[in-house]
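A look at the structure
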Amino acid sequence: MKPFNDFLTFVYRILLLYVLFMLCRVVFYIYNYDLTGAVTWTELPRLLKGALIFDSGSIFYINLPFLLLSLLPFRFRSNRIYQNILMWLFVVVNGIGLAVNIADIFYYPYKLGPIASDDLHFTTNGNFGSLMWSFFKDFWWGFLLWGAMVFALWFGFKKIGYRATQIKNNVIYFISQLALLGLAGFTAVVLIRGGNISGATYPINISDASLYASPSKTGLILSNPFALIRTMGQSVWYPEYFPKEELDGIFSPVQPPPNSQLRIEGTPNIVLLILESFATAHIKELSDQFGPDDVSYTPFLDSLIRSGYIFRNAFQNGIRSIDALPALWTSIPSFKTQFLSMPQSSAPMQSLPMILRDMGYSTAFMHGAVKESMSFVAFGNQVGVQTFVSREEYEKANGRNDFDSKWGIWDHKFFPFAAENMNELQQPFFATMFSLSSHHPFRLPAGFEGRYPEGNLPIHKMIAYSDDALRSMFAQMSEYDWFDNTIFIITGDHGSGADNEKYLKAPYNFSIPILFYSPAYGLHGESYRAAGHLDVMPTILGMFGYDKPFFAFGKDLFSDSTYDRTINYMGSFNTITDSFLYIFNESELTAVYDYRSDPLQEYNLVTEFSEQDSTLVWTKAFIQQYYKHVKERDYLPSQSASNLRSQ
């Protein structure tokens, strides 16, 4: 097949890319059907429109050099060597683009969002090679699919062929080809801008996907390299909804001393336990999807919940594990970009470890991965952590036989090692431990097969395994003299799927436990106020009677704060109140759901909420304050904080 002229040759080659990108999307939909849900006929036109817009952005971003070289207004384009160069440029560049497309298929369940530049942190981990080998073994058919598509690029390019434009007059040839180059360039710009040529519009951004799909289906639109391209070297820009002189009066992260209704006397130790992938959906004591006779994957955690103070309506304020520590230690969320991957995160900031260290506490962080993993240790160094216990320390003491071959040391081995190291800390201490094993590839250590219930998802047996390791760790710690003088805060880092429809819908799909446990200090009860990771730092400061202004985006959960809201970003900004989920795409409120009475989101109540709604106003102020402080690298309380009213 040879098109009529070389401009049509270029068009056919670009159309081949649209076909391959759409095939990737079909595979994405099939693989992630449980997360995205069924596409209805009424949704399909807008989904296809959004998909084509974002595919166009991806295709023309990565093919701008190919476009230029294909349409240069000179006759040497027909040279065989030149066409071979174009072929290899076409195959290599778009092969990389399709690799991102296919990787998105498998990565989406863990992130619930597209691959962005901040996800490339895995390439800097010391175990990158072993991770890639593990991914190859687990997702081998994805590599085969990619190979087939790269072959299709090569074969399609050759099959389309090439026919030079038959214009003999050189002047007419040059003018006509220059005009076609201009037309193609103009078309590319229009498509990158979302098909709009208005001067008031900007190139499409990731959040624009919510204009064409519900939050659960934005992954179908963004399953392409667009998010990765747009987040590379991205400068901080933020909408200014309110004049600066009004902003602090609506919401400010610079807060006066907390006014907690719960005060702890003395200086108890504090242990913050972050459990990998421990979503509310998997915890029988918290999820209403378990029947009375259903097996529990978390019998020990269930017992702690019944004995402690549990926030039953708590949510993550980031997306991935790397987002949890900034939210918990510094009360700073991650939205479109991981906070720790942003250059602005290197600025001085107030933190829970630093404040407690100044109050006489020793501080420690314990995680069974290597120190380079997820920037945890680097961040800990920045915010006042003094002692680190990682895979290196474990293997120095116990040898290398307990590495799980992918992430780090098995939980049942690292937990007791962490407890031993806590026992050596100077009291009072603040220790944070991040678990590791309840994660893909969902493989139990040798000798543990068949010991735990399989459940309905591969992660369930790993949740049960880590819960058992937690039980053993508490039994060990109970023998130490500091145990009764310790407050434990237990949470999960992020959601991790579910085996029921309710917990696959927002906001339940990112719900996690926040538990305060310490029988000696009388912490017992429950609350349904909307809580988040951001609230842990202010709550601890309030419990200890901290009497200075502080910087935090969260609230003291034991205070009489006038707002009960928390917020995160999953393609759009999600603000969660005690009863409602607000979905805001930076320019308009797209949905409001009464998630308690309508957990499956069948009734969008957005028309009942005005622009003056207090939660919407708060959401806008929160977003503006966040990006303002990130851009200015300002995470410290001001001298005037004591004069601020409580929010």
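Up top is the structure these notes are about.
A brief look at the structure comes next. (Residues numbered from 1 in each chain as written. Predicted model: local features only at pLDDT ≥ 70, side-chain atom pairs only at ≥ 80, totals over all residues. Heavy atoms only, no water.)

1. Quick word on the pairing of strand β16 (residues 589-594)
Both strand β15 (residues 580-584) and β16 contribute to a ladder of five bridges, which runs antiparallel. What sits directly across from I583, in β16, is A591. Hairpin connection of β15 to β16: four residues between the antiparallel strands, including E586 at a positive phi of 85°. (Pairing = 2+ DSSP bridges. Helix = DSSP H or I, 4+ residues; strand = E, 2+ residues; numbered from the N terminus.)

2. Some details on the sheet that holds strand β6 (residues 387-389)
Taken together, the eight strands give an open sheet; going across it, the order is β6-β5-β7-β2-β8-β9-β3-β10, and neighbouring strands pair in mixed fashion. Looking along the sheet, the strands with just one partner apiece sit at the ends: β6 and β10 (525-527). Adjacent strand axes in the sheet meet at a mean angle of 15°, parallel and antiparallel pairs treated alike. As paired elements, strand β8 (residues 486-492) and strand β9 (residues 514-517) share four bridges and run antiparallel to each other. Opposite I490, over in β9, you have L515 as the bridge partner. (Axes fitted to C-alpha atoms, helices over the stretch in contact; angles between N-to-C directions.)

3. Considerations on the nonpolar core
Residues W329, F339, F516 and Y626 are the most contacted members of the largest nonpolar core, which totals 81 residues. Ignoring anything within four residues of it in the chain, the contact list for F516 reads G308, Y309, F311, F488, I489, L523, T539, I540 and M543. Counting 61 residues, the second-largest nonpolar core is a separate cluster that includes I221, F226, L504 and Y508. (Core = buried A, V, L, I, M, F, W, Y, C linked by side-chain atoms within 4.5 Å. Buried < 20%, exposed > 50% of the residue type's maximum accessible area, 1.4 Å probe, protein only. Contact = heavy atoms within 4.5 Å.)

4. Here we look at the packing of helix α1 (residues 6-31) against helix α3 (residues 44-62)
Packing of α1 against α3 brings their axes to within 10 Å, and their N-to-C directions diverge by 125°. Of the possible angle classes, the one that applies to α1 and α3 is oblique. Judged by the sense of rotation from one axis to the other, the crossing of α1 with α3 is right-handed. On α3, the residues that touch I14, L17, Y18, F21, M22 and R25 of α1 are A51, L52, D55, S56, S58, I59 and F60. Among the residues making up the contact of α1 with α3, the classes are represented as nine nonpolar, two polar and two charged. (Parallel < 35°, antiparallel > 145°, perpendicular 65-115°, else oblique. Left-handed = near helix turned anticlockwise from the far one by under 90°. Nonpolar A, V, L, I, M, F, W, Y, C, P; charged D, E, K, R; others polar.)

5. Section: the sheet that holds β15
Hydrogen bonds along the backbone pair up the strands of a sheet, which may run parallel or antiparallel. Spatial ordering of the open sheet is given by β13-β14-β15-β16, a layout of four strands whose pairing is antiparallel. For this open sheet the edge positions go to β13 (566-569) and β16, each flanked by a neighbour on one side alone. Each strand axis lies, on average, 15° off the axis of its neighbour in the sheet, ignoring direction. Pairing between β13 and strand β14 (residues 573-576): four bridges, direction antiparallel. Bridge assignment links I567 to a residue of β14, and that residue is T575. Contacting β13, β14, β15 and β16, helix α20 (residues 614-632) crosses the sheet at an angle of about 50° to β15.

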